[in-house]
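Understanding the architecture of this molecule
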Amino acid sequence: MARFHPLPVAAVDRLTDDSVALTFTVPPELREEYRHAAGQHLALRRTADGQEIRRTYSICSPAPAPAGDGPRTLRVGVRLVDGGAFSAYALKEINAGDELEVMTPAGRFSLDPAPGLYAAIVGGSGITPVLSIAATLLAREPEARFCLIRSDRTSASTMFLEEVADLKDRWPERFQLVTVLSREEQQAGLPSGRLDRERLTGLLPALLPVERVAGWFLCGPFGLVQGAERALRELGVARTRIHEEIFHVDPVAPTATATAPAPAHSTVTARLDGRGGSWPVQDGESLLETVLRNRPDAPYACKGGVCGTCRAFLVSGEVRMDRNFALEPEETESGYVLACQSHPVTEKVELDFDR
Ligand code: FES
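What you see is a predicted model; the values in this text were computed from it and never measured.

**Side note on the overall build of the protein chain**
Scanning the protein chain from terminus to terminus reveals 7 helices and 18 strands. The globule rule puts the C-alpha radius of gyration for 355 residues at 20 Å, and the 21 Å found for the protein chain is close to it. Expressed along its principal axes, the backbone C-alpha trace of the protein chain runs to roughly 65 × 50 × 40 Å. The buried share of the protein chain, reckoned over its 355 residues, is 51%.

Laid out in structure tokens, this is it:
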């Protein structure tokens with residue numbers, strides 16, 4: 001189960017005017033706990049004025065090899081978000097030598113290196129997990145190739161420029177980079193403007209053999225990921241080859257299911273870290289909130305249906321979810337739910353966070 005540990009900040013590197021990379025040192029006794037797959041994320045926690053804030057950030061450093069030790073360091077990318085309490089703190093106040101509460105890695109937007117052609121379409125800070133995926137794949141699998149299509153506003157606002165250029169220098173034959181800038185003219189021949197469904201449908205077949213791509217990784221703002229998925233589906237790519245991670249979803253957009261009637265009194269039974277309990281669900285609250293009132297160690301990060309940290313198995317009963325940007329269709333079909341988005345439909349609901 002995901003846990004927080006205090007980790008020292010080894011470095012704070014300014015990437016652009018509005019983003020930094022934070023590097024944490026992982027002590028030897030915690031390296032196994034922080035072992036991560038390429039593409040996973042972790043949550044950072046801070047308590048200010050008596051209020052706890054958690055935010056999820058993707059790991060940009062390559063994943064450790066399965067046979068060796070866990071990671072000695074972990075690096076995450078943080079971009080300033082309008083009104084973002086944590087990102088403003090990260091950019092202005094965190095210094096090397098500070099200590100931060102860091103959750104162990106989680107998330108299923110990941111790739112186990114294997115031979116073949118892989119591709120990613122990313123926007124803005126969506127490059128962060130994909131940098132880890134591409135670097136891990138290229139270093140570990142000599143029979144793999146990677147095509148990165150990234151979009152940003154200008155080159156000055158582009159995160160991890162150097163790190164991506166480094167991949168190109170190290171693996172010129174196996175790494176293909178296409179940069180699309182929406183607010184800056186580029187050299188002749190390079191595309192500019194917004195990457196939407198229509199443009200991608202035309203652009204992708206000209207860039208790579210779409211049908212031979214073993215896995216597509218889409219990451220960035222909701223509009224870009226949705227447009228890219230539609231373009232790929234139009235080009236005949238199977239849903240199972242498309243992996244998505246969405247950053248920046250507008251807060252709350254309750255779906256039609258939110259109007260489904262809720263039982264007057266319902267109880268949630270939850271198993272968490274080997275221990276169980278049953279508690280009444282208060283009017284309107286999510287199952288995560290009910291569990292958290294009684295078990296503050298319940299896992300969560302975004303509370304917005306995006307990160308997947310609160311994933312639990314629905315053992316019995318029925319729930320409705322407000323929204324889900326984190327679970328794959330196969331996961332919901334096999335019975336997993338996001339506790340932060342779930343409300344009871346039946347009087348009794350049983351969740352297992354350990355499964
Ligand atoms: S806490 Fe992020 S999806 Fe529930």
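**As for the nonpolar core**
Of all hydrophobic cores here, the largest spans 29 residues; its most connected members are Val130, Phe146, Leu148 and Phe175. At the level of elements, strand S7 (116-123), helix H2 (127-140), strand S8 (144-152), helix H3 (161-170) and strand S10 (213-221) are the ones that each hand at least two residues to this core. Considering every element that reaches this core, the biggest residue donor is H2, with 8 residues. Apart from residues lying up to four places away in sequence, Phe146 is in contact with Tyr118, Ala119, Ala120, Val130, Ile133, Ala134, Leu137, Leu138, Arg174, Phe175 and Gln176. The next biggest cluster of nonpolar side chains, apart from the first, holds 27 residues, and it includes Ala270, Val281, Leu288 and Met321.

**Remarks on the pattern of salt bridges**
Following the criterion strictly, the structure yields 15 salt bridges and no others. Between Glu285 and Arg293 there is a salt bridge, and its shortest N-O distance comes to 2.5 Å. Residues joined by salt bridges that share partners form a network here, namely Asp13, Arg75 and Glu163.

The rules we used
- Here the residue numbering is sequential within each chain, running from 1 through the sequence in written order.
- Residue-level local features of this predicted model are given only where pLDDT is at least 70; pairs of side-chain atoms are given and counted only at 80 or more, and the full residue set underlies all totals for whole chains, interfaces and linings.
- To get the side-chain values, all heavy atoms of the structure are used, and hydrogens and water are removed first.
- A run of H or I in DSSP counts as a helix once it spans at least four residues, and a run of E counts as a strand once it spans at least two, with each numbered from the N terminus.
- Based on C-alpha atoms, the radius of gyration is set beside the globule rule, defined as 2.2 Å times the residue count to the power 0.38.
- Residue exposure (1.4 Å probe, protein chains only): buried if accessible area is under 20% of the type maximum, exposed if over 50%, otherwise partly exposed.
- The term nonpolar core refers to a set of buried residues drawn from Ala, Val, Leu, Ile, Met, Phe, Trp, Tyr and Cys, joined through side-chain atoms within 4.5 Å.
- Two residues qualify as a contact provided that any one of their heavy atoms is within 4.5 Å of a heavy atom in the partner residue.
- Salt bridge, as applied in this entry: a Lys or Arg side-chain nitrogen positioned within 4 Å of an Asp or Glu carboxyl oxygen.

What is shown is where atoms sit, not what they do.
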